[in-house]
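The lines below spell out each chain.
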Amino acid sequence: MSTSRALKALLLVVGLGSSSGCVRSYASAPPLAFQDLDYASPGSKTPWPVKRMALPKTAATYGMTRVPEVAFVELPAAPGARTVVLIHGLGSYLKFWQAQIDTLSRAGYHVVAVDLPGYGKSDKPGSFPYTMEAMADAVRELTQGLGVEHPILVGHSMGGQTALSYAIRYPDEPAALVLVSPAGFEKFSPKEKAWFTRVMSTELIKSAPEYGIWGSVRQANFQHWRPELEWLIEERVRLAKSPEFDAYAYANVRSVTGLAHDDFVRDNLHRITAPAVIIFGESDRLIPNPFMHGGFPRDIFEYGHARIAGSKLVGLEGCGHTVQLDCPAPFNAALEAFLGTVPMSRPVAPPPSVEPEAPPKAPPTPPQVPGPVDAVPPATPDRQGPPAPVLPLAP
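Values in this document were obtained by computation on a predicted structure and should not be read as measured data.

**Student:** It is not clear to me how the overall build of the protein should be interpreted in this structure. Could you clarify?
**Tutor:** Helices and strands together make up the secondary structure of the protein, namely 14 helices and eight strands. Across the 395 residues of the protein, 57% fall into the buried class. Pairs at least 24 residues apart make up 79% of the contacts formed inside the protein by residues separated by at least 6 positions. Accessible surface, the protein as shown: approximately 16,100 Å² in total, 58% of it carbon and sulfur.

**Student:** I would appreciate a short explanation of the state of the cysteines in the present structure.
**Tutor:** The bond known as a disulfide is covalent and runs between the sulfur atoms of two cysteines. The full count for this structure, using the stated rule, is one disulfide. Two residues share a disulfide in this structure: C319 and C327, whose sulfurs sit 2.1 Å from each other. Its torsion about the S-S bond being -115°, the disulfide of C319 and C327 is classed as left-handed. Across the pair, C327 and C319 agree in class, each one buried.

**Student:** Where do I start with the pairing of strand β3 (residues 83-87) in this structure?
**Tutor:** Side-chain positions along a regular strand alternate between the two faces of the sheet. For β3, the buried fraction is high: five of the five residues fall into the buried class. Burial of the side chains of β3 extends over both faces: T83, V85 and I87 are buried on one face and V84 and L86 on the other. Two strands pair when backbone bridges link them, and β3 and strand β4 (residues 110-114) are joined in this way by five bridges, in the parallel orientation. The residue of β4 that forms the bridge with I87 is V114.

**Student:** Hey, could you run me through unusual backbone geometry in this one?
**Tutor:** Negative phi is the rule for most residues except glycine; trans is the rule for most peptide bonds. Look at the link from I287 to P288: it is a cis peptide, with omega at 0°. With respect to the helices and strands, the residue P288 is situated in the loop between β7 (276-281) and α12 (297-307). At Y130, a position not held by glycine, the phi torsion is positive, near 60°. Looking at the secondary structure, you find Y130 in the loop between β4 and α4 (132-145). According to the relative accessible area criterion, Y130 is buried, its value standing at 0%. One non-glycine residue, S181, adopts positive backbone phi at about 45°. Position of S181 among the secondary structure elements: in the loop between β6 (176-180) and α6 (190-199). For S181, a relative accessible area of 0% corresponds to the buried category.

**Student:** Help me understand the packing of aromatic side chains, please; the structure alone is not making it clear to me.
**Tutor:** The way to describe two aromatic rings as a pair is by their centre distance and the angle between their planes. Taken as a whole and judged by the stated rule, the model has 16 aromatic pairs. On the numbers, 4.9 Å between centres and 80° between planes, the contact of F128 with Y130 is edge-to-face. Just as F128 is buried, Y130 falls in that class too. With a centroid separation of 5.9 Å and 35° between ring planes, the pair formed by W195 and F291 is classed as tilted. In this pair, W195 is assigned in helix α6 and F291 in the loop between β7 and α12, connecting sequence segments 96 residues apart.

**Student:** Teacher, can you tell me more about the pairing of strand β2 (residues 69-75) here?
**Tutor:** Among the seven residues in β2, six count as buried, and that is most of the element. Sheet topology note: the strand β1 (residues 50-54)/β2 ladder contains five bridges and is antiparallel. Bridge pairing links V50 to V73 in β2.

**Student:** Honestly, the environment of P31 in this entry has me stumped. Any pointers?
**Tutor:** When you line up the elements, P31 lands in the loop between α1 (3-18) and β1. When its relative accessible area of 52% is taken as the criterion, P31 is described as exposed. In sequence terms P31 and S242 are 211 residues apart; their C-alpha atoms lie 5.6 Å from each other. Ignoring sequence-local partners within four residues, the contact set of P31 consists of R238, K241 and S242.

**Student:** What exactly am I supposed to notice about the pattern of salt bridges here?
**Tutor:** If charged atoms from side chains of opposite charge come close, those side chains can pair. The tally for this structure, following the rule as stated, stands at 13 salt bridges. In this structure, K193 and D263 form a salt bridge, with 2.5 Å as the shortest nitrogen-oxygen distance. In this pair, K193 is assigned in helix α6 and D263 in helix α11 (residues 263-267), connecting sequence segments 70 residues apart. Among the residues examined, K193 registers a relative accessible area of 11% and is labelled buried. With a shortest N-O distance of 2.5 Å, R298 and E282 are connected by a salt bridge. Here R298, found in helix α12, pairs with E282, found in the loop between β7 and α12; they are 16 residues apart in sequence, far enough to count as distant. Within this structure, R52, E69 and D123 form a network of salt bridges that share partners.

Definitions and limits used
Residues numbered from 1 in each chain as written. Predicted model: local features only at pLDDT ≥ 70, side-chain atom pairs only at ≥ 80, totals over all residues. Heavy atoms only, no water. Helix = DSSP H or I, 4+ residues; strand = E, 2+ residues; numbered from the N terminus. Buried < 20%, exposed > 50% of the residue type's maximum accessible area, 1.4 Å probe, protein only. Contact = heavy atoms within 4.5 Å. Areas by Shrake-Rupley, 256 points an atom, 1.4 Å probe, with all protein chains shown as cover. Disulfide = S-S within 2.5 Å. Pairing = 2+ DSSP bridges. Phe/Tyr/Trp six-rings, centres within 6.5 Å; stacked < 30°, edge-to-face > 60°. Salt bridge = Lys/Arg side-chain N within 4 Å of Asp/Glu carboxyl O.

Pasting the structure below:
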């Protein structure tokens, strides 16, 4: 059995093992376009204002022929309020912060929740590199475009690694970091990186059956599954029927490569000068990677905590990887407690030894594997020109 088929089989076993009893099927539901995702307050169902911003500087940095746009929700606040930028994780979008957006706004913060390139309602250009450095540059251009000088970066999983890259390369800019079950601390060997490249393909993502999605979402991300979270399943199943799903799947594949090959973050944690907290679920089933490593989540997050000077570590008992949705009340309490300690101004940091304006190096381009990952991915309609082809590495 090939490694990709073996991974798929494991995902199906998770699905079968975790979906006890009858669950609702969305297989016959109509397709859902990414632009039609329901971005609204979970209680009142009041729509959040969705805006878009072009990223010409990011496009120039990475040699993109067309300027991409990112979608974001912005809830204004009183003059002088601190800005909190919410950065989602792999495969998700800004709605994964639905338990925090209104809470932070009511607490008086200027809230910005972003859909990273390739995700949610943002453009999904095939020519975007999908490295954490490129993601960080997109977030930085957005915050600068909004006139925010010192944002508080709140990143979950891949979004945490994005925030780390931002803070390492531009150390005097973030006011603080809230790293939520962050990627970027775990070490992957060259063989493990090669494994990621072999098994991840757009076909693997596109062919996931509904019962596998039920299991992987519930089992891998949550300890406290509730009926009100079923939108995670419904939207994933229905989005897979949309024409834009190929581009989204491709963004996921490239993002996994960017995550796995990003030793830059792990090797430069000591350069972070912003106040930081790491909030994680003690029962996280995704970190450490279950296919690669044994051990406990705390071991991984302790590694980052020990290397980020002055950081705080908060583990939430009985909570899973998507801790902000799994355990919203204790998570929000920990988040607001930390935000209350963030000083209104930061001392000027010493000049970084990493040149911030230099275009970061992209991770190795994945070698050719069977399936659509080798094909030129579809562009976002009317927004992105023909993407650059994926070139294989020499053996």
